[in-house]
Amino acid sequence: MKIVLNGESREVCAEILSDLLVECGFSGRVATAVNEDFVPSGLRIAQKLTDGDRVEVVAPMQGG
Amino acid sequence: MKSFYGTQLPNSLMLGTAQYPSPAILEQAFRESGAGVATVSLRRESGAGQTFWQMIRELGVLILPNTAGCHTVKEAVTTAYMAREVFDTNWIKLELIGHTDSLQPDVFQLVEAARILTGDGFQVFPYTTDDLIVGERLLTAGCEVLMPWGAPIGSGRGLNNEYALRAMRAEFPDVPLVVDAGIGLPSHAAQAMELGYDAVLLNTAVARAGNPVAMARAMMLAIQAGQLAHQADPIEARDMAEPSTPVIGKAFLS
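For the structure given in this document, a descriptive report is provided here.

About the thresholds
- Residues numbered from 1 in each chain as written.
- Chains lettered and ligands numbered in written order.
- Predicted model: local features only at pLDDT ≥ 70, side-chain atom pairs only at ≥ 80, totals over all residues.
- Heavy atoms only, no water.
- Helix = DSSP H or I, 4+ residues; strand = E, 2+ residues; numbered from the N terminus.
- Rg over C-alpha atoms; globule rule 2.2 N^0.38 Å.
- Buried < 20%, exposed > 50% of the residue type's maximum accessible area, 1.4 Å probe, protein only.
- Contact = heavy atoms within 4.5 Å.
- Areas by Shrake-Rupley, 256 points an atom, 1.4 Å probe, with all protein chains shown as cover.
- Lys, Arg positive; Asp, Glu negative; His and termini not counted.
- Charge placed at Lys NZ, Arg CZ, Asp CG, Glu CD.
- Salt bridge = Lys/Arg side-chain N within 4 Å of Asp/Glu carboxyl O.
- Polar contact = N/O pair within 3.5 Å; in protein donor to acceptor, adjacent residues only side chain to side chain.
- Pairing = 2+ DSSP bridges.

Some points on the overall build of chain B
Scanning chain B from N- to C-terminus turns up nine helices and eight strands. Its C-alpha atoms give chain B a radius of gyration of 20 Å, near enough to 18 Å, the size a compact globule of 254 residues would have. Expressed along its principal axes, the backbone C-alpha trace of chain B runs to roughly 80 × 40 × 35 Å. With 254 residues in all, chain B has 52% of them scored as buried. Restricting to contacts in chain B with at least 6 residues of sequence separation, those with at least 24 account for 66%. Of the roughly 12000 Å² of accessible surface on chain B, 52% is carried by carbon and sulfur atoms. Side-chain charges in chain B split into 17 positive and 26 negative, and the spacing between the mean points of these groups amounts to 3 Å.

And the structure:
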């Protein structure tokens, strides 16, 4: 399946969001959104992915 | 000092964490200045996020995540939800940028986003202008803190409109007010505190200084001086001179 992960097109096997994070090596403190909607960590396991989905994975960063 | 959503700040310096020459200098700037609040953001995970988070946690300061760079209500609200989960806090510095060059807040969207977020338990620190009516609307929307700009973000121009900031202080005597953005020098920070502001939020002035650690400390000292001066009830400025040395008793020598 082809998705857009953090702005980059990716071919992935995972069909749910929690699996995608494992597949792409994300760990630690991250937050997720699919198609511009926030997906709380507890709901990632229930978040099905479909072809063309836009997934954002964000982490703490410097800010003003 | 007023409490911020029930939290008493250790002091009145809120310091940004961006643009430092190195993580070590950032850490030292916090330790040397004693700043009690650190602003942070969320960005696409590229591997550096976890190390940064570990370092910030070890500073032992309060964390204020921002929605920097957001231009729509939807974007800002989604970012706030993600920040709440990642940073484990209801505090959010709500930024809704309306103008590319000045980074002036879009106050119409700001009020709307603030209403949505306060309705869902967020404790919103809105980055706003010095407009009194917008301030009033933000309070009605559930904000209990206002953060008017001193000058555009990163400009270092100080308090562009002291009159407006003074009016805001007078209009909202019981609301914690923070000058956020535009500070370039310790004298600007002192001026904000002399006006009776409760805190100052700054980043660039420290991070981009030749010696960020020394500048962070200078900012803290200026904030303390300004705060003390405000509490000490300063004199009013006057147009004419008034001798400070007694006139009576002066020897007649001419």
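Focus on the side chain of Asp53 of chain A
All names here are of chain A. Positionally, Asp53 belongs in the loop between strand S4 (37-39) and strand S5 (54-62). Lacking a salt bridge, the buried Asp53 has Arg54 as its closest oppositely charged neighbour, with an N-O distance of 6.5 Å. Polar contacts involving the side chain of Asp53 include one to the side chain of Asn35, which spans 3.0 Å. Here Thr50 takes part through its backbone nitrogen, which lies 2.8 Å from a polar atom of the side chain of Asp53. If sequence neighbours within four positions are ignored, Asp53 has contacts with Lys2, Ile3, Val4, Val34, Asn35 and Lys48.

So, the pairing of strand S3 (residues 62-65) of chain B
Looking at chain direction, strand S2 (residues 37-44) of chain B and S3 of chain B are connected through four bridges and run parallel. Its bridge partner being in S3 of chain B, Thr39 of chain B is matched across the sheet by Leu64 of chain B.

Description of the environment of His99 of chain B
All names here are of chain B. Within the fold, His99 resides in the loop between strand S4 (91-94) and helix H4 (107-119). For the pair His99 and His71, spaced 28 residues apart in sequence, the C-alpha separation works out to 8.8 Å. Separated by 3.4 Å, the side chain of His99 and the backbone nitrogen of Asp101 make a polar contact. Here the side chain of His99 touches Ser102 through a polar contact of 3.0 Å, side chain to side chain.

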